[in-house]
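# Survey of secondary and tertiary structure
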Amino acid sequence: MKYPIECLDRRTSVQKAIQLIERSTFDIALVLDEKGSYLGGVAMSDLRRLLISGVRGEDEIGNYPLKHEYRLTEKILGDRRMANRMLSDMELVGVHFLPVVAPDGSIRDILSADDIGRLHGFSNSRTAGPARRVLVVGGAGYLGSVLTQRLLRCGFRVRILDSFLYGRRSLDTLAGDENLEIVEGDLRNIHTCVNSLADIDAVTLLAAIVGDPASKIRPTETIETNVLAAQALASACKLHHINRFLYASTCSVYGVGGNLLDEDAPLNPVSLYARTKIESEKIILGMGDDYFSPTILRMGTLYGFSPRMRFDLVVNTMSMKSFLDRRIQVFGGKQWRPLLGVEDAADVYIRCLEANLEEVGNRVFNVGSDDQNYRIDDVAEIIGRSLGNIPILRDHSNLDARNYRVCFARLAQAVGFQPQQTIQRAAQEIFEKLNSGVVRNPTQKIYYNHYFDSAEE
Ligand SMILES: NC(=O)c1ccc[n+]([C@@H]2O[C@H](COP(=O)([O-])OP(=O)(O)OC[C@H]3O[C@@H](n4cnc5c(N)ncnc54)[C@H](O)[C@@H]3O)[C@@H](O)[C@H]2O)c1
C-alpha cells in the first residue's frame, strides 16, 4: 500500500486502536469485519472522545459508529463525474484517504484525495492531506515561535497556548494562517489547561519560567509553571489518550560535570530552574506506559535569530554586544556549554513528532551535537572573528556555576539528527538583523527573561 494506514479488525479495543493509529503517524484507520471486508473509517479524535465520554478502553471499536463508510471502487475511479462527487463527499466529512475496495470487500489499495484528483486532472485546491494537530504550549516564545513556523510549513495544524509574558508580536507574521489557532491563556489555570487539548493529537510543552536568573526572581511562578502546571498538562493528556508528549527540558540539569555526560549521568542542578526541570521530568516519565509515551528533550543552550528574540543567551548576547559596544565581555570562560541552534532544536521536535513512537516514547534525549560543546572562551573567539575581529574583554570572576559537556549519540541514533546551524553564521545573522533595524533596540526588557514582569514592546 502506498500509505501505511492501519487496518483494524472491528474487535480491536478502543485503547489499542488509538495506540496503533498513533504509531502509524496517520490520524485515521480503516475498520474490517471478521472476514477482512472493509466496513468504514475511524478517526483517532473520535476514539479519544469515546474514552472521555466514559466508554471503557477495552470495548471493541466495532460497537461504536464509524466516522464514515465511504469507499472507492474501480467503477468510481473510472468515472470522472463519480470521482468528482466522491471528492466533494470526502471534503464534507473531512476525509483525505479512502481504500479502493474489491467486489469481495477486501482492500486493494489506499488513495489520497490528491491521487483521485490527479487521475482526472482536477485542480488540487481541495485535496490537501490530513494534518496532525499539535498543541504548542509556549508557542510565542523564543523556541516556540520558530517551532510553530516550521510545523506549519511541514503541514501540521497548530494550536498555541501562551500567556504572552513577552508579548505576542512574535506571531504577527503567522496570525492569518488558517492552520494556526492562537489561544491566550495561562497553563496554570486547570480549565484552560484541559480545554486546550480538545482535538489535539500531540503536545509540545515549552512554556516555563526559563533560565536561572528568571526563576531566581520568580520562584513561586517557576514552581507553579515548571512543575505543577507541567504535571497537570501531562496528566490531562494521559486522560485524553494523547500519547505523544514532548517535554522541553534542558542540559542545565547536569549543572556541573567532568566527563562527557550522557542521559544516564548524575544530575547536579545548580539553580531552581534546573531543579524544577528535573522534578517535572521525573513526574512526566513516571506517568509513561503503553498508552502515554512522553519524550524528554534536554536541550543545550539555544542560539540564533527568532521572532521572539532573546539576548540573554550566550551566543545572542555576544553577537548583540559586538554590534552595540564593539566588544565582547567574557566572565570566567573556561566553563563548557553545549550549544544548539534554535532552528535545529525545532527540527528535532518535528523529527520526534514524526518518528515511530517506539523509537522516541518514554525516553530521555540530550538534544544537540557533540561538536557543539564549547568553552565560553572559544565561543567569544569564534564570534569575535566571524564579526570582524571584535575585541574580547575577560573578567575572571565567573557569574555562572554551570560547566558541562554532553554526549548526543542517543538522539543522532534515534532520529538521525545532524545540526545545520553554526554559531558563526547565527552571530552574523543576528548582527545583520540589528544592523538592518529588524530589531531596533536590543536593550528593551522584552528581550530578557529576567525582566518579564515589565515587558515592553
Ligand atoms: N532557550 C534555551 O536556551 C533553552 C535551553 C534548554 C531548554 N529550554 C527550554 O525550552 C523551552 C522554551 O524556552 P524559550 O527559550 O523559548 O523560552 P521563552 O521564555 O522565550 O518562552 C516561554 C514561553 O512560555 C510562555 N509561558 C510562560 N509561562 C506560561 C504559562 N503559565 N502559561 C502559558 N504560557 C506561558 C511565555 O509567555 C513564553 O512565550 C523552555 O521550557 C525551556 O526550559 C530552553
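The paragraphs below set out a description of the structure included in this document. These numbers were taken from a predicted model, which means no experiment stands behind them. Going along each chain's sequence as written, the residues are numbered from 1 onward. In view of the model being predicted, local features appear only for residues whose pLDDT reaches at least 70, and side-chain atom pairs are presented and counted only at 80 or more, with totals across whole chains, interfaces and linings using the full set of residues. The side-chain quantities take in all heavy atoms of the structure and omit both hydrogens and water.

## Digging into the site of the ligand
Stated formally: Throughout, near means a residue has at least one heavy atom within 4 Å of the molecule or strand. We call two N or O atoms a polar contact when they sit within 3.5 Å, provided that within protein one can donate a hydrogen and the other can accept it, with sequence-adjacent residues counted only if both atoms are side-chain atoms. Exposure was quantified through the Shrake-Rupley algorithm and a 1.4 Å probe, taking into account, for residues, occlusion by the shown protein chains and nothing else.
In the vicinity of the ligand lie 32 residues, with Asp162, Leu206, Tyr273, Arg308 and Arg310 positioned nearest. A distance of 2.8 Å separates an oxygen atom of the ligand from a polar atom in the backbone of leucine 143. Within the side chain of asparagine 449, a nitrogen or oxygen atom sits 3.0 Å from an oxygen atom of the ligand. Considering the ligand on its own, with 830 Å² of exposed area, one finds that the protein chains cover 98% of that surface.

## Details of the environment of glycine 62
Formally: Only DSSP runs of H or I with at least four residues qualify as helices, and only runs of E with at least two residues qualify as strands; both kinds are numbered from the N terminus onward.
Locating glycine 62 in the fold gives a position in the loop between α2 (44-52) and α3 (74-78). For the pair formed by glycine 62 and asparagine 316, sequence separation is 254 residues and the distance between their alpha carbons is 56 Å.

## As for the side chain of serine 319
Note the threshold: Residue contacts follow a heavy-atom distance rule, with two residues in contact if any of their heavy atoms lie within 4.5 Å.
With respect to the helices and strands, the residue serine 319 is situated in helix α11 (residues 314-325). Among residues more than four places away in sequence, those in contact with serine 319 are Ile383, Leu387, Ala427, Ile430 and Phe431.

## Let's talk about the packing of helix α9 (residues 219-239) against helix α10 (residues 272-287)
Let me state the cut-off plainly: Axis definition: a line fitted to C-alpha atoms, over the contacting stretch in the case of helices. Angles run 0 to 180 degrees between N-to-C directions. Here the word oblique covers every angle except those under 35 degrees (roughly parallel), over 145 (roughly antiparallel) and from 65 to 115 (roughly perpendicular). Working rule for handedness: look at the near helix, and if it is turned counterclockwise from the far one by less than a right angle, call the crossing left-handed; if clockwise, right-handed. The nonpolar class holds Ala, Val, Leu, Ile, Met, Phe, Trp, Tyr, Cys and Pro. Asp, Glu, Lys and Arg form the charged class, and all remaining residues, Gly among them, are polar.
Running from N to C, α9 and α10 point in directions that differ by 15°, and their axes come no closer than 10 Å. Viewed along their axes, α9 and α10 adopt a mutual orientation that is roughly parallel. As α9 packs across α10, the resulting crossing turns out to be right-handed. Counting all contacts with α9, which are made through Pro219, Thr222, Ile223, Asn226, Val227, Ala230, Gln231, Ala234, Ser235 and Lys238, the residues of α10 involved are Leu272, Tyr273, Thr276, Glu279, Ser280, Ile283, Ile284 and Met287. Class assignment of the residues belonging to the contact of α9 with α10 gives a composition of ten nonpolar, six polar and two charged.

## Comments concerning the packing of α11 against helix α14 (residues 376-386)
Between α11 and α14, whose axes approach to 10 Å, the crossing angle comes to 40°. Overall, the two elements α11 and α14 adopt an arrangement that is oblique. The crossing of α11 and α14 is right-handed. In this structure, α11 uses Val314, Val315, Met318, Ser319 and Ser322 to contact α14, whose residues at the interface are Ile376, Val379, Ala380 and Ile383. Taken together, the residues of the contact of α11 with α14 sort by class into seven nonpolar, two polar and no charged.

## Some points on the pattern of salt bridges
Test applied: Within this document, salt bridges are pairs made up of a side-chain nitrogen of Lys or Arg and a carboxyl oxygen of Asp or Glu, the two lying within 4 Å of each other. The buried label goes to any residue with under 20% of its type's maximum accessible area, the exposed label to any with over 50%, and the partly exposed label to all in between, with areas taken from a 1.4 Å probe on protein chains only.
The full count for this structure, using the stated rule, is 30 salt bridges. In this structure, aspartate 289 engages lysine 238 in a salt bridge whose closest nitrogen and oxygen atoms are separated by 2.8 Å. Placement of the pair is aspartate 289 in the loop between α10 and β12 (293-299) and lysine 238 in helix α9, with a sequence separation of 51 residues. Lysine 238 gets classed as partly exposed once you look at its relative accessible area, which sits at 29%. Linking glutamate 381 and arginine 394 is a salt bridge whose minimum nitrogen-to-oxygen distance equals 2.9 Å. With a gap of 13 residues between them, glutamate 381 in helix α14 and arginine 394 in strand β18 (residues 392-395) connect regions that are remote in the sequence. Via salt bridges that share partners, Glu22, Asp27, Arg48, Arg132, Arg133, Asp201 and Arg244 belong to a single interconnected network.

## A word on the packing of aromatic side chains
Inclusion rule: Aromatic rings from Phe, Tyr and Trp, with only the six-membered ring used for Trp, were paired whenever their centres fell within 6.5 Å, and each pair was classed as stacked if the ring planes differed by under 30 degrees, edge-to-face if by over 60, and tilted otherwise.
All told, the structure shown has six aromatic pairs when counted by the stated rule. Ring centres 6.5 Å apart and planes at 80° place the aromatic pair tyrosine 3 and phenylalanine 26 in the edge-to-face group. Here the residue tyrosine 3 occupies a position in the segment before β1 (6-9), and phenylalanine 26 occupies one in the loop between α1 (14-24) and β2 (28-32), the gap between them amounting to 23 residues. Pair check on accessibility: tyrosine 3 and phenylalanine 26 agree, each one buried. A ring pair is formed by phenylalanine 311 and tyrosine 447, whose centres lie 5.4 Å apart and whose planes are at 75°; its orientation type is edge-to-face. Remark: tyrosine 447 occurs in the segment after α16 (423-435) and phenylalanine 311 occurs in the loop between β13 (301-303) and α11; sequence separation between them is 136 residues.

## Topic: the sheet that holds β13
The test is simple: By the convention used here, strands pair only if DSSP detects at least 2 bridges between them.
Here three strands make up an open sheet; going across it, the order is β13-β15-β17 and the pairing mixed. The sheet is open, and its two borders are formed by β13 and β17 (373-375), each paired with just one other strand. Here the average twist between neighbouring strands, direction ignored, is 50°. Looking at chain direction, β13 and strand β15 (residues 336-341) are connected through three bridges and run parallel. Bridged to leucine 302 within β15 is leucine 340. Where α14 meets the sheet, it contacts β15 and β17, and its direction lies at approximately 90° from that of β17.

Shape descriptors only; they carry no functional weight alone.
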